[in-house]
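Observations on the three-dimensional arrangement
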Amino acid sequence: MSKTDPAFSRVDPRRSGFYIWRIENMQVTPIAKEFYGEFFRGDSYIVLSIKEIKGGPLDSHVHFWLGNDTSQDEAGVAAYKSVELDDLLGGSPVQHREVEGHESQRFLSYFPSGIKIKQGGAKSGFHHVDKGVFQPRLIHVKGKRNPRFSECPEIDWEQMNHGDCFILDLGNVIFPWLGANCNRTEKMKTVEHCCRLRDERGGKANIVFVEDGQEDKLDRESKQLFEKYLNIKDRNKIKAEKEAGDDEASERILSANIKLFSCKEEEGTLRIQEVKPGPLYRKDLISDPSQKYSKDSFIIDNGPTGSWLWIGRKASPKEKKEAMRNAVGFLKKKGYPSDTKVTRVVEGAEPSDFKCLFKDWPQPPPPGKVYSRSRIAKTVQTKFDATTLHNNQALAAESQMVDDGSGKVEVWRIEDFQMVPLENIHYGEFYGGDCYVILYTYNVQGREAYIIYYWLGLKSTTDEQGTAALMAVQLDDKYNGKPVQVRVVQYKEPPHFMALFGGKMVIFEGGKAGWTKGKSVNGVQYEGPGDKYMLQVRGTSALTCKAVQVPLRASSLNSNDVFVIFTKSAVFSWAGKGCTGDEREMAKNIAARSPRVLTTVFEGQEKPDFWNVLGGKEEYASEKLLQDEGSHPCRLFHLSNARGYIHVEEVYDFVQSDLIEDDVMLLDAWESIYIWFGKNSNKAEREASQTCAIEYLKTDPAGRDIDTPILCIKQGFEPPSFTGFFGIWDRDIWSKGLSFEELKKQVGESNIPIVEIKQNGISGSPDFNEVPKYSLVELQVAAEELPSGVDPNAREIHLRDDEFKKVFNMSYSDFNKLPGWKQKQMKKSFKLF
């Protein structure tokens with residue numbers, strides 16, 4: 001066996017994980033987690049994703065990403081080392097070649113907030129910038145679902161186009177520029193990214209929206225600052241919308257015109273011969289039926305949309321190593337674009353989207369039998385070994401685990417712009433309407449180290465989220481900058497965060513504002529979830545397990561999971577037919593919250609008293625595919641005509657939030673096709689969706705029955721047979737969401753007048769001691785009644801010193817250090833705004 005690169009030593013082929021390496025000086029170097037999603041176009045990278053498939057083997061994918069300015073040598077090292085990583089994992093991973101600007105949807109799905117492509121390479125990357133020093137930049141935002149954030153070579157109108165969004169980042173002032181024809185997702189992701197930049201700067205940055213063609217409508221101060229970098233008179237240099245991307249012909253989800261080619265190495269020469277056109281059958285890949293595994297390799301040519309390279313398990317080592325290079329050579333001979341996607345798969349480890357190219361891929365072994373894609377065994381629950389992580393801190397960061405979570409944990413909830421400590425008995429309890437700050441202290445080789453997590457509930461307010469970010473910064477300062485800060489969004493918790501709570505993390509509905517009086521914590525009355533509630537348990541270990549509150553009714557059940565129901569007198573654990581033994585064990589941990597005896601109820605064996613607790617029987621998600629691991633997993637597709645034609649793309653690892661309100665989605669559940677109409681989808685998309693679904697069935701190489709049922713459903717009226725495929729389903733996810741205009745208004749309310757902003761900090765306001773002073777009563781009047789020279793938006797600076805301290809309980813200098821959103825909140829309280 002070939003020697004493994006030390007950079008890969010922390011990869012555990014039996015455990016889920018996500019890793020990124022960069023090629024530096026021809027060596028493989030691990031990237032710390034805080035930089036995941038950032039790519040330099042002068043470099044090459046290797047990305048590994050290992051995920052657990054419920055009831056089956058691990059799903060592994062190796063991507064090597066090539067920046068547009070990377071050298072041939074670095075690209076070669078990335079490709080070669082990807083093969084070495086593949087060998088380490090027993091040959092099971094699917095291998096992907098990714099080119100900057102043409103990344104696959106699977107690759108982009110790893111980075112929900114988008115990938116950030118920066119100028120330069122290894123020599124310029126990952127260096128800490130001194131505080132107070134900031135280099136202005138222009139960021140290009142492009143993409144319908146998982147956008148790319150690319151740093152432009154220069155700040156100039158010529159870099160921009162009307163079809164995308166751009167961010168002019170000046171440090172303390174951030175200008176999101178919204179192209180006239182950009183899509184809604186680009187707008188929302190642009191705002192999300194700007195808010196994240198502001199959070200990273202302790203909330204001390206303004207976000208000023210600029211609409212394409214409306215630059216002249218900026219206020220005087222904002223316009224002056226904007227024009228220092230982008231002169232409005234030169235905006236005629238902006239490129240047309242068509243230059244935002246290729247105006248290609250309407251795409252089909254799957255091409256029926258695929259061809260199979262044999263790929264053999266004979267006497268040092270690669271020989272490629274066409275075998276047959278589609279439809280394809282599994283037997284087409286078998287040259288010798290008497291042999292268990294094949295020694296041949298094949299290329300499935302799907303045209304410019306991409307090609308697959310299938311490697312027989314008994315292919316020669318040289319053929320395996322050179323396979324990707326040979327496939328790229330094949331594409332060149334066919335005259336396909338250089339960015340055409342190439343995916344390499346190994347016999348016995350084919351992913352579902354590869355199997356879908358074949359008319360008759362064999363079913364997997366029946367449930368209960370061990371099924372392995374390669375020599376890698378099915379995941380076994382073992383105790384996490386943290387002892388070796390301290391020997392290499394970079395690799396510990398890369399693996400997302402610094403220890404097993406057994407250190408000291410302190411938790412605070414954000415209340416009234418302050419951190420309120422929680423009692424230990426409530427550690428691990430989170431409310432979706434609140435935000436929390438968690439300090440984790442652990443020991444590394446005899447010294448203390450710290451991690452500060454700030455957790456943001458999906459239904460918390462912008463003020464609470466801003467306060468959490470600010471409190472994290474202040475807590476960091478308290479420990480002299482030693483802690484690592486980690487921003488955590490609800491449902492996106494990293495493994496180490498969940499490990500802090502030992503498999504007992506629970507996310508409840510609501511927040512402090514909506515509680516009734518109940519439990520007392522530190523003298524404050526809190527409401528828990530009530531006497532009766534139900535939790536949906538997801539995950540198979542302390543590193544992946546969380547429980548989420550769902551409505552206490554039978555329609556919330558799902559055959560794929562385990563649910564725990566708490567009442568005053570009893571605790572039930574309901575186990576769906578598709579759940580695993582590991583999930584049932586984790587449910588017992590969750591049920592330990594109650595001193596009452598746990599009663600386990602298996603699906604199909606419920607007694608009347610169980611249904612009575614849930615208010616009676618109801619239809620719930622119990623489709624056959626939810627119970628059995630089949631060879632045809634569900635697939636979700638996004639349909640849109642934003643480009644002027646119906647464009648279709650697949651969504652990987654989908655969840656409910658991937659359903660876009662502005663468009664139409666297609667869910668292929670094999671036995672049925674669901675067409676989901678977003679409430680803001682247009683008539684053309686809805687009318688075209690039926691034709692698209694029928695075309696999808698016709699062109700499926702697997703030879704689908706054209707009479708497969710097609711069901712049309714509307715947003716807000718989804719049946720359980722549809723919602724069950726999305727795991728946890730939140731009926732309020734859209735009704736309580738903000739429109740783009742509402743989000744703009746909310747973001748704008750947290751800004752500070754631009755006149756106060758300077759490049760090196762928030763300053764430049766008049767000297768507090770040099771302006772005329774007035775009493776509070778004189779300033780609490782209508783704007784037109786204010787004394788001459790008083791700015792209606794900055795009345796507080798005219799308060800007498802003694803009254804200022806009395807009103808705000810602090811000096812003006814301390815007040816001026818607060819972020820703008822908090823200043824405004826305090827001024828509103830005293831009618832000084």
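The present account deals with the structure reproduced in this document. Nothing here was measured: the structure is a model prediction, and the numbers come from that model.

Description of the overall build of the protein chain
Scanning the protein chain for helices and strands turns up 19 helices and 39 strands. The burial tally for the protein chain puts 54% of its 833 residues in the buried class. Accessible area of the protein chain: about 38200 Å², with a carbon and sulfur share of 48%.

A short note on helix H4 (residues 220-227)
Quick reminder: α-helices carry 3.6 residues per turn. Residues three or four places apart thus point the same way. Of the residues making up H4, those classed as buried are Ser 222, Leu 225 and Phe 226. Along the axis of H4, the buried residues cluster in a sector spanning 100°; they form a single face. In this structure, the buried residues of H4 make contact with strand S10 (165-169), strand S11 (173-178) and strand S13 (210-211). Measuring from the side-chain oxygen of the N-cap residue of H4 to the backbone nitrogen of Glu 221 gives 3.3 Å; that N-cap residue is Asp 219.

Here's the deal with the pattern of salt bridges
Think of it this way: side chains of opposite charge can pair up when their charged atoms draw near. Throughout the structure, instances matching the rule amount to 28 salt bridges. Lys 683 is the salt-bridge partner of Glu 687, the closest N and O atoms lying 3.8 Å from each other. Of the two residues, Glu 687 and Lys 683 are both situated in helix H13 (residues 683-699); the distance of four residues between them amounts to about one turn of the helix. For the pair Glu 687 and Lys 683, a shared accessibility class is recorded, and that class is exposed. The structure contains a network of salt bridges with shared partners spanning Asp 5, Lys 81 and Glu 84.

A few points about the sheet that holds strand S28 (residues 533-538)
Spatial ordering of the open sheet is given by S21-S25-S29-S28-S30-S31-S32, a layout of seven strands whose pairing is mixed. Strands with a single pairing partner mark the edges of an open sheet, and in this sheet they are strand S21 (429-431) and strand S32 (598-602). Averaged over all pairs of adjacent strands, the angle between their axes in this sheet comes to 25°, without regard to strand direction. Direction of pairing for S28 relative to strand S29 (residues 546-550): antiparallel, over a ladder of five bridges. Looking at the pairing, Met 534 lines up with Val 550 of S29. This element, helix H10 (residues 581-591), spans strand S25 (506-508), S28, S29, strand S30 (562-566), strand S31 (571-575) and S32 of the sheet and lies at about 20° to S30.

Observations concerning the side chain of Asp 164
Topologically, Asp 164 is positioned in the loop between strand S9 (148-151) and S10. The exposure class assigned to Asp 164 is buried, which follows from its relative accessible area of 1%. Only 2.8 Å separates the side chain of Asp 164 from the side chain of His 140, close enough to count as a polar contact.

Quick notes on the sheet that holds strand S19 (residues 408-415)
Pairing is mixed in the open sheet, where five strands are placed in the order S20-S19-S22-S23-S24. With partners counted over all chains shown, the strands left at the sheet margins are strand S20 (418-421) and strand S24 (484-489), one partner each. Going across the sheet, the axis of each strand differs from the next one's by a mean of 30°, ignoring polarity. Pairing analysis gives 10 bridges linking strand S22 (residues 435-444) to strand S23 (residues 447-456), with the strands arranged antiparallel. Considered in S23, the bridge of Leu 439 is made with Ile 452. Helix-sheet contacts for helix H8 (residues 462-478) involve S19, S20, S22, S23 and S24, and the interaxial angle to S23 is about 170°.

A look at the packing of aromatic side chains
For the structure on display, the rule yields 38 aromatic pairs. Ring centres of Phe 298 and Trp 310 lie 5.9 Å apart, and the angle between their planes is 50°; on these two criteria the pair is classed as tilted. Of this pair, Phe 298 sits in strand S16 (residues 297-301) while Trp 310 is found in strand S17 (residues 307-311), placing the two residues 12 residues apart along the sequence. Note on Phe 572 and Phe 610: the rings are 5.7 Å apart at their centroids and 80° apart in plane angle, and the pair reads as edge-to-face. Pair noted here: Phe 572 is in strand S31 and Phe 610 is in helix H11 (residues 608-613), with a separation of 38 residues, a long-range link. Comparing Phe 572 with Phe 610 shows no difference in burial state: the two are buried. Feature note: the residues Phe 18, Tyr 36, Phe 39, Tyr 45, Trp 65, Phe 107, Tyr 110 and Phe 111 constitute an aromatic cluster, connected by ring pairs. Note that Lys 116 overlies the ring of Phe 149, its terminal NZ or CZ placed 5.8 Å from the centroid.

Describing the pairing of S31
In terms of residue burial, S31 counts as a mostly covered element, since five of its five residues are buried. Of the two faces of S31, the one holding Val 571, Ser 573 and Ala 575 and the one holding Phe 572 and Trp 574 are both buried throughout. Sheet topology note: the S30/S31 ladder contains five bridges and is antiparallel. Residue pairing for S31: Phe 566 is matched across the bridge by Val 571. In this structure, the hairpin formed by S30 and S31 is closed by a connection of four residues. The pairing of S31 with S32 spans five bridges and is classified as parallel. The residue bridging Trp 574 from the neighbouring strand is Val 601, located in S32. In terms of handedness, the path from S31 via H10 over to S32 forms a crossover that is right-handed.

Quick notes on the environment of Arg 22
Residue position: Arg 22 is located in strand S1 (residues 17-24). Of the residues examined, Arg 22 reaches a relative accessible area of 1% and is grouped as buried. A sequence separation of 22 residues divides Arg 22 from Ser 44, and the C-alpha atoms of the two residues are 6.1 Å apart. Side chain to side chain, Arg 22 and Glu 24 meet in a polar contact 2.9 Å long.

A few points about the nonpolar core
In this structure, Ile 438, Trp 455 and Phe 497 are the most contacted members of the largest nonpolar core, which totals 41 residues. Take this core: its biggest share by element is five residues, from S22.

A word on the side chain of Gln 536
Within the secondary structure, Gln 536 sits in strand S28. A distance of 2.9 Å separates the side chain of Gln 536 from the side chain of Asp 561, its partner in a polar contact. In this structure, Gln 536 is in contact with Lys 546, Ala 547, Val 548, Val 550, Asn 558, Asp 561, Val 562, Phe 563, Gly 727 and Ile 728, ignoring residues within four places of it in sequence.

Topic: helix H17 (residues 801-808)
Those residues of H17 that fall on the buried side of the exposure criterion are Glu 803, Phe 804, Val 807 and Phe 808. Seen from one end, H17 has its buried residues packed into an arc of 110°, which puts them on one side. Residues of H17 that are exposed and point more than 90 degrees away from the buried face comprise Asp 802 and Lys 806. Just past H17, the residue Asn 809 takes up positive phi, approximately 60°.

Calculation rules
Within each chain, residues carry numbers counting from 1 in the order of the written sequence. Per-residue local features are limited, in this predicted model, to residues with pLDDT of at least 70; the limit for side-chain atom pairs, both in listing and counting, is 80 or more; totals at the level of whole chains, interfaces and linings are taken over all residues. Calculation of side-chain values draws on the structure's entire complement of heavy atoms; hydrogens and water are dropped beforehand. Note on conventions: DSSP H or I runs of at least 4 residues are helices, E runs of at least 2 residues are strands, and numbering of each starts at the N terminus. Accessible area is worked out with a 1.4 Å probe on protein chains only. A residue is then buried under 20% of its type maximum, exposed over 50%, and partly exposed in between. Surface accessibility in these figures is a Shrake-Rupley result with a 1.4 Å probe; residues are shielded only by whichever protein chains are displayed. Our arc is simply the arc of the directions from the helix axis toward the C-beta atoms. We call two residues in contact whenever any of their non-hydrogen atoms come within 4.5 Å of each other. Counted as a polar contact is a pair of N or O atoms within 3.5 Å, where, for protein atoms, one must be capable of donating a hydrogen and the other of accepting one, and residues adjacent in sequence contribute only when both atoms are in side chains. Salt bridges, as used here, are contacts in which a Lys or Arg side-chain nitrogen is within 4 Å of a carboxyl oxygen on Asp or Glu. Note on pairing: two strands pair once DSSP finds at least 2 bridges between them. Angles run from 0 to 180 degrees between N-to-C directions of axes, and those axes are lines fitted to C-alpha atoms, restricted for helices to the stretch in contact. Here the aromatic set is Phe, Tyr and Trp, taking the six-membered ring for Trp, and pairing holds for ring centres within 6.5 Å; pairs whose planes are under 30 degrees apart are stacked, those over 60 apart are edge-to-face, and all others are tilted. In this scheme, the term charge over a ring applies when either NZ of a lysine or CZ of an arginine sits within 6 Å of the ring centre and within 35 degrees of the ring normal. Looking down the strands as they point away from you, a crossover is right-handed if its path from the first strand over the helix to the second goes clockwise. Put simply, a nonpolar core is a bunch of buried Ala, Val, Leu, Ile, Met, Phe, Trp, Tyr and Cys residues held in one set by side-chain atoms that sit within 4.5 Å of each other.

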